[in-house]
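Chains, contacts and geometry: an overview
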Amino acid sequence: MDIKAYWQAVLRQDAKAMREYFWEDAYIRWHNTNEQFTVEEFIRANCEYPSQWDGEVESIAEDGEQIITAVHVWEQGGAAASFHAVSFLKVRQGKICAVDEYWGDDGEPPQWRKEKQIGMPIRNG
């Protein structure tokens, strides 16, 4: 399975292309919000989001039937929303049969850590 092509389809919000990567009975779980989706519900949630996406795959790890990705996702057009998603994709015969996904908002460190002057930026800008 071409995981980078899958993510390009997701980021383009291309329902037809996304559908090709899944088994019909696959499920997708977003643990942060306690939701489970069918493939069609997942595609709707992604493609009917009220903005357009852009992003980049930052990391890929493959181990047999599991692919793990870390992806930086942001809204196009200068919108402030920026996220990181870590996805655990279970693959069977080249298609996704399950996804466990964790989304986190990008942002500033909390004030209490700033006050302690601990940590440093991973990247500037």
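A brief report on the enclosed structure follows. The shown structure was predicted, so the numbers you read here are calculated from the model rather than taken from an experiment.

**Let's talk about the sheet that holds strand β3 (residues 53–63)**
Spatially, β2-β1-β6-β5-β4-β3 is the arrangement adopted by the six strands of the open sheet, whose pairing is mixed. With partners counted over all chains shown, the strands left at the sheet margins are β2 (35–38) and β3, one partner each. The mean inter-strand angle of the sheet, taken between neighbouring strand axes irrespective of direction, is 20°. Where strand β1 (residues 22–30) lies against β2, four bridges are found, and the strand directions are antiparallel. Residue pairing for β2: R29 is matched across the bridge by Q36. Packed on one face of the sheet, helix α1 (residues 3–11) meets β1, β3, β4 (66–75), β5 (82–92) and β6 (95–105) and runs near 155° to β3.

**Side note on the packing of aromatic side chains**
Counted according to the given criterion, the structure contains eleven aromatic pairs. Measuring from ring centre to ring centre gives 4.7 Å for W30 and F37, while their planes differ by 70°; the resulting arrangement is edge-to-face. By relative accessible area, W30 is classed as buried at 19%. A relative accessible area of 11% means that F37 is categorised as buried. Cluster of aromatic residues (ring-pair linked, three or more members): Y6, W7, Y21, F22, W30, F37 and F42. Sitting over the face of the ring of W23, R92 holds its NZ or CZ atom 4.7 Å from the ring centroid. The ring of W23 carries the charged tip of K95 above its face, separated from the ring centre by 5.7 Å.

**Section: the nonpolar core**
In this structure, Y6, W7, F22, I28, F42, L89 and I96 are the most contacted members of the largest nonpolar core, which totals 27 residues. Within the residue set of this core, elements represented by two or more residues are α1, α2 (15–19), β1, α3 (39–47), β4, β5 and β6. Here the element with the most residues in this core is α1; it accounts for six residues. Other than its neighbours up to four places away in sequence, L89 contacts I3, Y6, E65, Q66, I67, T69, I96, A98 and V99.

The rules behind these values
Residues numbered from 1 in each chain as written. Predicted model: local features only at pLDDT ≥ 70, side-chain atom pairs only at ≥ 80, totals over all residues. Heavy atoms only, no water. Pairing = 2+ DSSP bridges. Helix = DSSP H or I, 4+ residues; strand = E, 2+ residues; numbered from the N terminus. Axes fitted to C-alpha atoms, helices over the stretch in contact; angles between N-to-C directions. Contact = heavy atoms within 4.5 Å. Phe/Tyr/Trp six-rings, centres within 6.5 Å; stacked < 30°, edge-to-face > 60°. Buried < 20%, exposed > 50% of the residue type's maximum accessible area, 1.4 Å probe, protein only. Lys NZ or Arg CZ within 6 Å of the ring centre and 35° of its normal. Core = buried A, V, L, I, M, F, W, Y, C linked by side-chain atoms within 4.5 Å.

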